[in-house]
Amino acid sequence: MKRELALEFARVTEAAALAGHHWLGRGDKNLADGAAVNAMRSTLNSLDIRGQIVIGEGEIDEAPMLYIGEQVGSGHGDEVDIAVDPIEGTRMTAMGQSNALTVMAIGNKGAFLHAPDMYMEKLVTGPGAKGCIDLDLPLDVNLARIAHALQKPLSELTVAVLAKPRHQELIGELHQAGLRVYAFPDGDVAASILTCMPDQAVDVMYGIGGAPEGVISAAVISALGGDMQARLLPRHHVKEDNEENRLAGEKELSRCASMGIEANRKLTLSQMVHDDDVIFAATGITDGDLLKGITRKGNMATSETLLIRGKSGTVRRIQSIHRLDRQPQR
Ligand code: VTB
Ligand code: MG
Ligand code: MG
């Protein structure tokens, strides 16, 4: 992949974040998502790449997707696989809450695991504890190993956990065990990245969220030298075990079978991302721990983008001022 492409991808997430931000606080997740999807698609199509969407999103959020298998780009140039989440945090965008972002990971053909849109259990840690995690072992063993690797007592370990009902008991247990919990309402891609950022307190991210976002997280965690393991879970093992969820879960399991991956089985980082030549771009839509959100004043908008190249491990933050009255016609 040509290095110059990295900046082009930053322009893609900027465009999607700006479009999504237009619907900030208007109570409609799908309008926000649709706008971000359209902006992402048209910006991607303006690039000289032969791209294929391998990770999109849809069923979990019932969102308008950049669908899996969709071809993007001019049809000339590098052949790349693309994993997208045009808005990670549609609810936050619709409700005017923090931590919403646009994310995208690009790799060479075949770089990413092709996972169906279902739930995924994820355990993520930074470079300091790489090689210490094993999702087949109990969480407390993993946390003890991570604390040991980071040379700190468990009481100094900060674990980020999605604050969903399914994790309530776990959060209580972590408190009981004397750990510090960062319980965040939504957005586990951003929370996963915090584990690799030297200026952030989060050491571990654990919990069940979306599988597409899990593969995107794996791409950026591998680029940043952190570690991650995961496990695909059918809906009825995550949500209430009722008929509707069991039916949906059975469907997910048969999709797994047809894609040649097993659910309920540990996936290592290298099984999710096969190649470290990845580019990751994320632009903040609303203010968060990782990125500043979009601001608008008349025809001017500002954005902040995180741009990471796996090959060099370089992390860039790009602050932009956009003139909305001078956007190119694509
Ligand atoms: C959300 C969201 C996450 O997964 O938790 C979602 O906040 C799925 O969980 O960032 P629910 O269906 O229980 O809301 C993510 O989108 C991604 O992992
Ligand atoms: Mg989304
Ligand atoms: Mg999402």
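Residue positions are given per chain, counting from 1 as you read along its sequence in written order. Following the order in which they are written, the chains are lettered starting with A and the ligands numbered starting with 1. Two thresholds apply to this predicted model, a pLDDT of at least 70 for residue-level local features and 80 or more for giving and counting side-chain atom pairs, whereas whole-chain, interface and lining totals are computed over all residues. Side-chain metrics in this entry use all non-hydrogen atoms of the structure; hydrogen atoms and water are not considered.

Caption draft 1: Spotlight on the site of ligand 1. By nearness alone, 13 residues border ligand 1, and Glu88, Tyr119, Arg166, Asp186 and Gly210 come closest of all. Polar contacts here mean pairs of N or O atoms no more than 3.5 Å apart (in protein, one a potential hydrogen donor and the other a potential acceptor; neighbouring residues in sequence count only if both atoms are side-chain atoms). Note that an oxygen atom of ligand 1 is positioned 3.2 Å from one of the side-chain N or O atoms of Glu213. Compared with its free state, where it exposes 410 Å², ligand 1 has 86% of that area covered by protein. Listed by contribution, the elements that provide at least two residues to the shell around ligand 1 are strand E5 (119-125) and strand E8 (204-210). Near is defined per residue: the residue qualifies when any heavy atom it owns lies within 4 Å of the molecule or strand. Only the protein chains shown count as cover for residues, and the accessible areas themselves come from Shrake-Rupley with a 1.4 Å probe. Numbered from the N terminus, helices here are DSSP runs of H or I no shorter than four residues, and strands are runs of E no shorter than two.

Caption draft 2: Just the coordination of the magnesium ion (ligand 3), in detail. For the magnesium ion (ligand 3), every protein donor is listed as Asp85 (OD), Glu88 (OE) and Glu213 (OE), and the spread of their distances is 2.0 to 2.5 Å. In this description, a donor is an N, O or S atom within 2.8 Å of the metal centre, a cutoff extended to 3.2 Å for sodium, potassium and calcium. Water is not part of the atom list, which can make sites seem incomplete. Counting the intervening residues between successive donors of the magnesium ion (ligand 3) yields the motif D-x2-E-x124-E. Between the two metal centres, the magnesium ion (ligand 3) and the magnesium ion (ligand 2), the spacing is 3.3 Å, with Asp85 acting as a shared donor. In this structure, Asp85 and Glu88 share a single accessibility class: buried. A simple rule labels every residue: compare its accessible area, found with a 1.4 Å probe on the protein chains alone, to the largest value its type can have, and call it buried under 20%, exposed over 50%, or partly exposed in between.

Caption draft 3: Expanded view of the nonpolar core. Residues belong to a common nonpolar core when they are buried Ala, Val, Leu, Ile, Met, Phe, Trp, Tyr or Cys residues joined through side-chain atoms within 4.5 Å. By size, the foremost hydrophobic cluster in this structure holds 51 residues, and its most contacted members are Phe112, Ile193, Met228, Leu232, Met272, Phe280 and Leu290. Among the elements that make up this core, the one with the highest residue count is helix H7 (residues 211-224) (nine residues). Note on contacts: a residue pair is in contact if any heavy atoms of the two residues lie within 4.5 Å. Those residues in contact with Ile193 that sit more than four places away from it in its chain are Val220, Ile221, Leu224, Phe280, Leu290 and Leu306. Of all hydrophobic cores here, the second largest spans 33 residues; its members include Phe9, Ile49, Val80 and Ala100.

Caption draft 4: Layout of the domain arrangement of the chain. The domain limits used here are those given by an automatic or database domain assignment. Domains assigned within the chain are domain 1 (4-110 + 277-323) and domain 2 (119-272). Relative to domain 2, the C-alpha centre of domain 1 lies at a distance of 23 Å. Every contact between the two is made by 24 residues of domain 1 and, on the other side, 23 residues of domain 2. Buried area: the accessible area, evaluated with a 1.4 Å probe, that two parts lose upon being put together, summed over both parts. Between domain 1 and domain 2, the buried area comes to about 2,000 Å², and carbon and sulfur atoms account for 68% of it. Should a side-chain nitrogen of Lys or Arg be within 4 Å of a carboxyl oxygen of Asp or Glu, the pair is scored as a salt bridge. The interface formed by domain 1 and domain 2 contains one salt bridge. A salt bridge links Asp186 to Arg91, with the nearest nitrogen and oxygen atoms 2.5 Å apart.

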